[in-house]
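# Reading the structure
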Amino acid sequence: MHKTELIKPRGPWRSLAEVELATAEWVEWFNTTRLHSSIGTIPPDEHEALYYAQHHPANPLESTPEVSTEAGAIQARLHVVP
């Protein structure tokens, strides 16, 4: 897809640096702006952010129904070395 959408139509290229810059811009567009119909007509990075917001809460202790208040249990959960 990269060659079909970027490399061939915009060539000939004058330098490798020009190709690298254009590729970085294309990857940015591909991941952040391009609407993808199979994931709800939203950009892929937005879809990924929604997925992680739903499946990996920001504060895992708040989503745990039973949290022991003992110091050792809390340290073990947070991987704190005493």
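Residues numbered from 1 in each chain as written. Predicted model: local features only at pLDDT ≥ 70, side-chain atom pairs only at ≥ 80, totals over all residues. Heavy atoms only, no water.

## Some remarks on the confidence of the model for the protein chain
- For the protein chain, the mean per-residue pLDDT works out to 77, and 68% of the residues sit at or above 70.
- Here helix α5 (residues 71-78) is the element of the protein chain with the lowest mean pLDDT, 49, and helix α2 (residues 16-32) is the one with the highest, 92.
- Segment residues 73-82 is flagged for pLDDT under 50; beyond a separation of four residues in sequence, or across chains, it makes 10 contacts in the model. (pLDDT = per-residue confidence, 0-100. Helix = DSSP H or I, 4+ residues; strand = E, 2+ residues; numbered from the N terminus. Contact = heavy atoms within 4.5 Å.)

## Some points on the pattern of salt bridges
- Using the criterion set out here, one finds 1 salt bridge in the structure.
- One salt bridge connects R14 with E18, and the closest N-O pair in it is separated by 3.3 Å.
- For R14, a relative accessible area of 76% gives the class exposed. (Salt bridge = Lys/Arg side-chain N within 4 Å of Asp/Glu carboxyl O. Buried < 20%, exposed > 50% of the residue type's maximum accessible area, 1.4 Å probe, protein only.)

## Observations concerning the packing of aromatic side chains
- A complete count under the given rule lists 4 aromatic pairs for this structure.
- Considering the side-chain rings of W26 and W29, the 6.4 Å spacing of their centres and the 45° angle between planes classify their relative orientation as tilted. Linking W26 with W29, this pair stays in helix α2, spanning 3 residues, or about one helical turn.
- Here W29 falls in the partly exposed class, since its relative accessible area comes to 36%.
- Aromatic rings pair up to connect W26, W29 and F30 into one cluster. (Phe/Tyr/Trp six-rings, centres within 6.5 Å; stacked < 30°, edge-to-face > 60°.)

## Some words on unusual backbone geometry
- Geometrically, the link from G11 to P12 is a cis peptide bond, its omega value of 0° lying close to zero.
- Considering the arrangement of structural elements, one finds P12 in the loop between α1 (2-10) and α2.
- At T41, a position not held by glycine, the phi torsion is positive, near 55°.
- Among the structural elements, T41 can be located in the loop between α2 and α3 (44-55).

## A look at α2
- Over its 17 residues, α2 runs 24 Å from end to end, which matches the ideal 24 Å to within 8%, given 1.5 Å per residue.
- Those residues of α2 that are buried lie in contact with α1 and α3. (Expected span 1.5 Å × (residues − 1).)

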